[in-house]
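Geometric and topological summary
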Amino acid sequence: MHPARATIADYNMIIDTLADYWGERDMRARHHPMFIHEFGDTALVMRDGSAGMAAYLFGFVAPTRVGYVHLVGVRADSRRAGLGRRLYLEFATLARDRGATALKAITTPTNHDSIAFHRALEMSATQHIDYSGPGQPRIVFWRDLSAAGS
Ligand SMILES: CC(C)(COP(=O)(O)OP(=O)(O)OC[C@H]1O[C@@H](n2cnc3c(N)ncnc32)[C@H](O)[C@@H]1OP(=O)(O)O)[C@@H](O)C(=O)NCCC(=O)NCCS
């Protein structure tokens, strides 16, 4: 399995099977076709033939030269096999090639799996009160891409 550019067919399949990646969390509103139509060169999937799509990552390079990962989801039956890490590595390469000097992502303070995952990728984690609005704290992950080998 290798990271590949996501197509609109991939996007449609993801939308149809969101619970496989996110469980009971309703993530429909966080998905938007602009991640394929406008930011498709930094939208990645890992296809696994028989079962469909094992993992995906939607992100973009902001004008601030930040490579922002909006969503990374690995199907529940495919976790802890390094797929999330591989998607991030590929995104970091694509983002750096497009001028990014850092990687950023956010998550909720209760998403312990996400926090452990992003820390394992050597991203710093800082809690910001009201980041996503009043009473909506978020953990902000950050990693500099400017250092050699990062
Ligand atoms: C978070 C998520 C993307 C991780 O994907 P993954 O493919 O399972 O992660 P990897 O196998 O690449 O893990 C890399 C490292 O991260 C850490 N890690 C990943 N998941 C972890 C968990 N649940 N608990 C503790 N550490 C974890 C480990 O150090 C792991 O390395 P190891 O397996 O050699 O110990 C996946 O759990 C997921 O899709 N969760 C639901 C969606 C979500 O919350 N996404 C993030 C918010 S946008």
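For the structure, check the block above.
As a starting point, this report considers the structure included with it. What you see is a predicted model, and the numbers here were worked out from it, not measured in a lab.

This brings us to the sheet that holds strand S3 (residues 53-61). In spatial order, the strands read S1-S2-S3-S4-S5-S7-S6; together these seven strands make up an open sheet with mixed pairing. Each edge of the open sheet is held by one strand with a lone partner, namely strand S1 (3-5) and strand S6 (124-128). Looking at each pair of strands side by side, their axes are set apart by 30° on average, direction ignored. One ladder, built from five bridges, connects strand S2 (residues 43-47) with S3; its direction is antiparallel. Bridge pairing in S3 places Arg-47 opposite Met-53. Contacting S1, S2 and S3, helix H1 (residues 8-16) crosses the sheet at an angle of about 115° to S3. Helix-sheet contacts for helix H5 (residues 112-120) involve strand S4 (66-74), strand S5 (102-107), S6 and strand S7 (138-144), and the interaxial angle to S7 is about 15°.

What counts and what doesn't
- Residues numbered from 1 in each chain as written.
- Predicted model: local features only at pLDDT ≥ 70, side-chain atom pairs only at ≥ 80, totals over all residues.
- Heavy atoms only, no water.
- Pairing = 2+ DSSP bridges.
- Helix = DSSP H or I, 4+ residues; strand = E, 2+ residues; numbered from the N terminus.
- Axes fitted to C-alpha atoms, helices over the stretch in contact; angles between N-to-C directions.
- Contact = heavy atoms within 4.5 Å.

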